[in-house]
Structures are given as C-alpha cells and as structure tokens.
Amino acid sequence: MQGIEPKLHMNLTSRIEYYRLLIEAAEDPESHPSDVTKQISELGNLYEDYLLNKKNLENSIKNYREYHNDLRKKLISRLRELRRKARQK
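Given the structure is predicted, the values throughout are model-derived calculations rather than measurements.

*Asks:* Break down the overall build of the protein chain for me, with residues and values.
*Replies:* From N to C terminus, the protein chain includes two helices and zero strands. In the protein chain, buried positions account for 7% of the 89 residues.

*Asks:* I'd like to hear about the pattern of salt bridges, residue by residue, with values.
*Replies:* Summed over all chains, the structure comprises two salt bridges. With a closest N to O distance of 3.5 Å, Lys85 and Glu81 form a salt bridge. Taken together, the positions of Lys85 and Glu81, both in helix α2 (residues 33-88) and four residues apart, correspond to about one turn of that helix. For Glu81, a relative accessible area of 31% gives the class partly exposed. Among the ionic contacts, a cluster of salt bridges with common partners joins Arg78, Glu81 and Lys85.

*Asks:* Please give an account of a nonpolar patch on the surface that cites residues and values.
*Replies:* A cluster of nonpolar side chains, namely Tyr19, Ile23 and Ile40, defines an oily patch on the protein surface of about 220 Å² accessible area. Tracing the chain through its elements places Tyr19 in helix α1 (residues 5-27).

Reading the values: the criteria
- Residues numbered from 1 in each chain as written.
- Predicted model: local features only at pLDDT ≥ 70, side-chain atom pairs only at ≥ 80, totals over all residues.
- Heavy atoms only, no water.
- Helix = DSSP H or I, 4+ residues; strand = E, 2+ residues; numbered from the N terminus.
- Buried < 20%, exposed > 50% of the residue type's maximum accessible area, 1.4 Å probe, protein only.
- Salt bridge = Lys/Arg side-chain N within 4 Å of Asp/Glu carboxyl O.
- Patch = residues over 30% accessible without salt bridge, like charges linked within 9 Å, V, L, I, M, F, W, Y side chains within 5 Å.
- Areas by Shrake-Rupley, 256 points an atom, 1.4 Å probe, with all protein chains shown as cover.

Structure follows, in structure tokens:
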C-alpha cells in the first residue's frame, strides 16, 4: 500500500492545485465558464475514482492479510500434527 498510495496522493495534490487554479480562472472575466465547469466536474470524477481505488486497495490488503493468517494457522497446526506423529514413532 505504501508503494501505491503516495503516487495516488501526489496525483491528488496536483489535481487540487489544478482545482485552485480553476477557481482563480473562474473569477477571471476572460475565461469561459463552460470550460471551467467541465474541468471542475472532471476533477470531481477523478477524485471519486481515487476514493474508489483507495477503498479497493484497502479491501485487497485486508483480504490478503486474512488469507495469509488462515494459511499460517493451517501450516502451524499441520506442523504440530507431524511433530506429534514423529515423537510417537
């Protein structure tokens, strides 16, 4: 997660800066309001995609940990069983 999230975070911060510039441009009378509105909606969609990707990544990490812990428990129980059999011989 730490290798992926900083990249998403950097993308988000650059988009926030872009959003700030869009707001400043909206106050400029020479800018076209339809372009600004379109770009703001695009930015909103990108942010929603970021949140969805982050949620999916967190769920994937959680599922991996559960799977890993289950495998570890099965392995430990199997090793204990094999040791008991070895001692009995």
